[in-house]
Amino acid sequence: MPDAGSLVLVATPIGNLGDLPPRAIEVLGAVELVCCEDTRRTGRLLQHAGVHARRLAVANEHTETARLAEVIDVLAAGGDVALVTDAGTPGISDPGERLVHGVIDAGFAVSAVPGPAAFVTALVISGLPTSRFVMEGFLPRSGSARRERLAEVAAEQRTVVLYEAPHRIERTIADLAAVCGDDRPVAVARELTKLYETVVRGTLGSITLGEPRGEYVVVLGGAPAAAAASPTDVAAAVDRALDRGLSTKEAATDVSAALGVGRREAYDIAVARRRSRRSAGISTPAAGKNGA
Ligand code: SAM
């Protein structure tokens, strides 16, 4: 569709209005339709930027899917459509994903004006490892969904970034401490890019947040990698497996899975243990058909 329009996801400030990307101003003034979560809030932003939008329409978490038909009509007629949210990058814990899917499925182009996102801002100033990280967004609020997600977060070895509301921040830090331990490093960023921006760095058991107020991002250090099993540990585990009557190969497979060591390493140790047990006269229960 050469003359068709495209959907443009436009990032907006997460606090400081000076962070509106210059290209965002250009795009918002040029498109046929601006979809937003809240027309009053986006109206204020546009006014601040001196932009006169041709048409505003609401695409929030309830209306995003219903808005798709209108967006497609505009694109098919050759107009461009912009999507903004109340703050930050659309589609990041915000509406956007469903509209993007629908527009792609209908065969139209999607692009973005990149800009602020609270998770990236918090991550890069956290002081925690940034080379590998996971963005978890908001945790489920309660029940087994929350417990299961907390367990996944606790086991994650990469840095984890979470969004949280002020009235739940203390409980979330306490829940994280319960599953990760008090010693896990954490940085809690509050009111990023705003007048009262603060970052508290420490451990889950030691940080003091003060009165919960404003918007929060939690950046959690990853779980430490399990200590590598030593050859002595592997040999002891192999002995126990051989005592249970496993073959050399079965013992190697069993120990490799249990201790997280390579199959080849476990097998070599199992062969050596069977041989030295035999020469030391230690009886090993008969193994299955894969015996030796
Ligand atoms: N789309 C946004 C983005 O790109 O970051 C996120 C929207 S989500 C509905 C709102 C959450 O983002 C807040 O509850 C808070 O966890 C985080 N957030 C947004 N702005 C923030 C700020 N200035 N400081 C700290 N956290 C912020």
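Please refer to the structure higher up on the page.
Residues numbered from 1 in each chain as written. Predicted model: local features only at pLDDT ≥ 70, side-chain atom pairs only at ≥ 80, totals over all residues. Heavy atoms only, no water.

Caption draft 1: Representation of the site of the ligand. Taken together, 18 residues form the shell around the ligand, and within it D94, A118, Y163, L192 and Y216 come nearest. Contact distances for the ligand include 2.9 Å between a nitrogen atom and a backbone N or O atom of I14. Contact with the protein chains covers 90% of the free accessible surface of the ligand, which is 570 Å². The cavity where the ligand resides is the largest pocket. Elements represented by at least two residues in the shell around the ligand include exactly β7 (159–164) and β10 (216–220). Partitioning the shell around the ligand into residue classes produces 10 nonpolar, 3 polar and 5 charged. Looking at which domains feed residues into the shell around the ligand, each of domain 1 (6–116) and domain 2 (119–220) supplies at least three. (Near = heavy atom within 4 Å. Polar contact = N/O pair within 3.5 Å; in protein donor to acceptor, adjacent residues only side chain to side chain. Areas by Shrake-Rupley, 256 points an atom, 1.4 Å probe, with all protein chains shown as cover. 1 Å grid on protein atoms, 1.4 Å probe; cavity = no way out; pocket = protein on both sides within 12 Å on 5 of 7 lines; lining within 4 Å. Sits in = over half its atoms within 2 Å of the grid points. Helix = DSSP H or I, 4+ residues; strand = E, 2+ residues; numbered from the N terminus. Nonpolar A, V, L, I, M, F, W, Y, C, P; charged D, E, K, R; others polar. Domains from an automatic or database assignment.)

Caption draft 2: The arrangement of empty space enclosed by the protein in detail. The full count for this structure, using the stated rule, is 1 cavity of 30 Å³ or more. Secondary structure elements with two or more residues in the lining of the largest cavity: β8 (185–190) and β9 (198–203). Taken together, the residues of the lining of the largest cavity sort by class into 5 nonpolar, 1 polar and 1 charged. (Points joined across faces, edges and corners; volume = space filled by probe spheres on them.)

Caption draft 3: Region of interest: the packing of helix α3 (residues 64–76) against helix α4 (residues 97–105). At a minimum axis separation of 9 Å, α3 and α4 run at an interaxial angle of 40 degrees. Here α3 lies oblique to α4, going by the angle between them. In the crossing of α3 with α4, the sense of the turn from one axis to the other is right-handed. Listed contacts from α4 to E64, T65, L68, V71, I72 and L75 of α3 are E97, R98, L99, G102 and V103. (Axes fitted to C-alpha atoms, helices over the stretch in contact; angles between N-to-C directions. Parallel < 35°, antiparallel > 145°, perpendicular 65-115°, else oblique. Left-handed = near helix turned anticlockwise from the far one by under 90°. Contact = heavy atoms within 4.5 Å.)

Caption draft 4: Looking closely at the sheet that holds strand β5 (residues 109–113). Pairing is parallel across the open sheet formed by 5 strands, whose spatial order is β3-β2-β4-β1-β5. Two strands bound the open sheet, and with one partner strand each, they are β3 (56–58) and β5. Averaged over neighbouring strand pairs, the angle between their axes works out to 25 degrees when direction is ignored. (Pairing = 2+ DSSP bridges.)

Read these as layout, nothing more, since geometry by itself doesn't imply function.
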